[in-house]
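# Fold and geometry: a report
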Amino acid sequence: MLAAITWDWDPILLSLGPLTIRYYGLMFALTIYTGFYVWRRQALRNGESPQFAEDFLWWGVVAIVGGARLGHVFFYEPITYLQNPIEILKFWKGGLASHGATVGLMVALWGFGRKYDRTFRRLGDYLAPAIAIAAGGVRIGNFFNSEIVGRVTDVEWGVRFIRYCRIEGIAP
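Bear in mind the structure is a predicted one, so any value in this text is a computation, not a measurement.

## Things to note about the overall build of the chain
Across its full length, the chain holds six helices and four strands. For the chain, the C-alpha atoms occupy an extent of roughly 55 × 40 × 30 Å along the three principal directions. Relative to its 172 residues, the chain shows a buried fraction of 34%. In the chain, 17 positive and 13 negative side-chain charges are present, and the distance between their average locations comes to 5 Å.

## A short note on a nonpolar patch on the surface
Taken together, Leu13, Leu14, Leu16, Leu19, Ile21, Leu26 and Leu30 make up a surface patch of nonpolar side chains, about 560 Å² in accessible area. When contributions to the nonpolar patch are tallied by element, the ones reaching two or more residues are strand 2 (12–16), strand 3 (19–22) and helix 1 (23–45). Looking at the nonpolar patch element by element, the count peaks at three residues for strand 2. When you line up the elements, Leu26 lands in helix 1. For Leu26, a relative accessible area of 34% translates into the label partly exposed.

## Some words on the packing of helix 1 against helix 2 (residues 50–76)
In contact at an axis separation of 10 Å, helix 1 and helix 2 are set at 150 degrees when each is read in the N-to-C sense. The element helix 1 and its partner helix 2 pack so that their crossing is right-handed. Residues Phe28, Ile32, Phe36, Trp39, Arg40, Ala43 and Leu44 of helix 1 lie in contact with helix 2, whose contacting residues are Pro50, Phe52, Ala53, Glu54, Phe56, Leu57, Val61, Ile64, Val65 and Ala68. Of the residues that constitute the contact of helix 1 with helix 2, the class distribution is 15 nonpolar, no polar and two charged.

## Brief notes about the confidence of the model for the chain
Across the chain, pLDDT averages 90, with 97% of residues at or above 70. Per-element mean pLDDT across the chain ranges from 79 in helix 6 (residues 162–168) up to 96 in helix 4 (residues 98–116).

## Let's talk about the environment of Thr34
Within the secondary structure, Thr34 is located in helix 1. Considered as a pair, Thr34 and Gly137 are 103 residues apart in the sequence and their alpha carbons are 9.6 Å apart.

## Let's talk about the environment of Leu96
Tracing the backbone shows Leu96 in the loop between helix 3 (78–83) and helix 4. Separated by 23 residues in sequence, Leu96 and Val73 have C-alpha atoms that sit 8.1 Å apart. Those residues in contact with Leu96 that sit more than four places away from it in its chain are Tyr24, Phe28, Val65, Ala68, Arg69 and His72.

## So, helix 5 (residues 120–144)
If you check helix 5, its first and last C-alpha atoms are 34 Å apart, about what 25 residues at 1.5 Å a residue would give, namely 36 Å. The sharpest bend along helix 5 measures roughly 40 degrees and falls at Leu127, with the proline Pro129 sitting one to four residues further on. What helix 5 keeps buried is the set Leu123, Tyr126, Leu127, Ala130, Ala134, Gly137, Val138, Gly141, Asn142 and Phe144. Where helix 5 is buried, its residues contact strand 1 (5–7), helix 1, helix 2 and helix 4. Residue Ser146 follows helix 5 closely and has a positive phi angle near 60 degrees.

## Topic: the nonpolar core
Core analysis: the biggest nonpolar cluster contains 24 residues, and Phe28, Trp39, Phe52, Phe56, Phe112, Leu123 and Leu127 have the highest contact counts within it. Listed by contribution, the elements that provide at least two residues to this core are helix 1, helix 2, helix 4 and helix 5. When residues of this core are assigned to their parent elements, the largest contribution, seven residues, is made by helix 1. With sequence-adjacent residues up to four places away left out, Phe112 is seen in contact with Trp39, Phe52, Asp55, Phe56, Trp59 and Leu123.

Rules behind the numbers
- Per chain, the residues get numbers from 1 upward, laid out in the order the sequence is written.
- Local features in this predicted model are restricted to residues of pLDDT 70 or higher, and side-chain atom pairs are both shown and tallied only at a pLDDT of 80 or more, whereas totals for entire chains, interfaces and linings draw on every residue.
- In computing side-chain properties, one takes all heavy atoms of the structure into account and sets aside hydrogens as well as water.
- For helices the rule is a DSSP run of H or I covering at least 4 residues; for strands it is a run of E covering at least 2, with both sets numbered from the N terminus onward.
- Only protein chains enter the area calculation, which uses a 1.4 Å probe; residues under 20% of their type maximum are buried, those over 50% are exposed, and those in between are partly exposed.
- Note on charges: Lys and Arg go in the positive column, Asp and Glu in the negative column, and His and the chain ends are not counted at all.
- Lysine's charge is taken at NZ, arginine's at CZ, aspartate's at CG and glutamate's at CD.
- To count toward a patch, a residue needs a relative accessible area above 30% and no salt bridge. Like charges then connect within 9 Å, nonpolar side chains (Val, Leu, Ile, Met, Phe, Trp, Tyr) within 5 Å.
- The method behind every accessible area is Shrake-Rupley, applied with a 1.4 Å probe, and residues are considered shielded solely by the protein chains displayed.
- Here, a salt bridge means any side-chain nitrogen of Lys or Arg that lies within 4 Å of a carboxyl oxygen of Asp or Glu.
- Simply put, an axis is a line fit to the C-alpha atoms, just over the touching stretch for a helix, and the angle between two N-to-C directions goes from 0 to 180 degrees.
- The handedness criterion is simple: a crossing whose near helix is rotated anticlockwise from the far helix by less than a right angle is left-handed, and one whose near helix is rotated clockwise is right-handed.
- The criterion used for residue contact is that any of the two residues' heavy atoms lie within 4.5 Å.
- As a working rule, the residues Ala, Val, Leu, Ile, Met, Phe, Trp, Tyr, Cys and Pro are called nonpolar, Asp, Glu, Lys and Arg charged, and the rest polar, with Gly in that last group.
- Every residue is assigned a pLDDT by the predictor, reflecting its confidence on a scale from 0 to 100.
- Helix span, as expected, comes to 1.5 Å for every residue beyond the first.
- Fitting axes to the seven residues that end at a residue and to the seven that start at it, the angle between those axes gives the bend at that residue.
- Residue types Ala, Val, Leu, Ile, Met, Phe, Trp, Tyr and Cys, when buried and joined through side-chain atoms within 4.5 Å, form a set referred to as a nonpolar core.

Here it is in structure tokens:
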């Protein structure tokens, strides 16, 4: 029996001239927004000031975007990017790695904790629920991109990724 679900969704949500908005980018942005909201709520519930909670926003955004990009560069295509380093800055061309974002966030959390005299553990408690939500959101973005498809299956709830098959030259 073939998989019951056929997935051939265009990863582009909207194109307006040179501006292209992809589902993955939308999910990435929504997870940053939601993650910050959860972080802020957790920090305030634990006695931190609104200013303290909001100060982490820029640390977090830089850590997530920079870490995700550098994660892709060094984990997946180091030779390509080291031969043409200016391409590293062109994150809009694709190439983000969630595990790179995680490393970036851990470094930011450590630096933020040092600046504000808070333990890494305490700040990690504020951030943990946001990371769980973000992991799910990014995976939804991966689904729209037909990435991380898993292995071949014939179970009835399996998904046939038509776009992935076209890209990889595999018969759907």
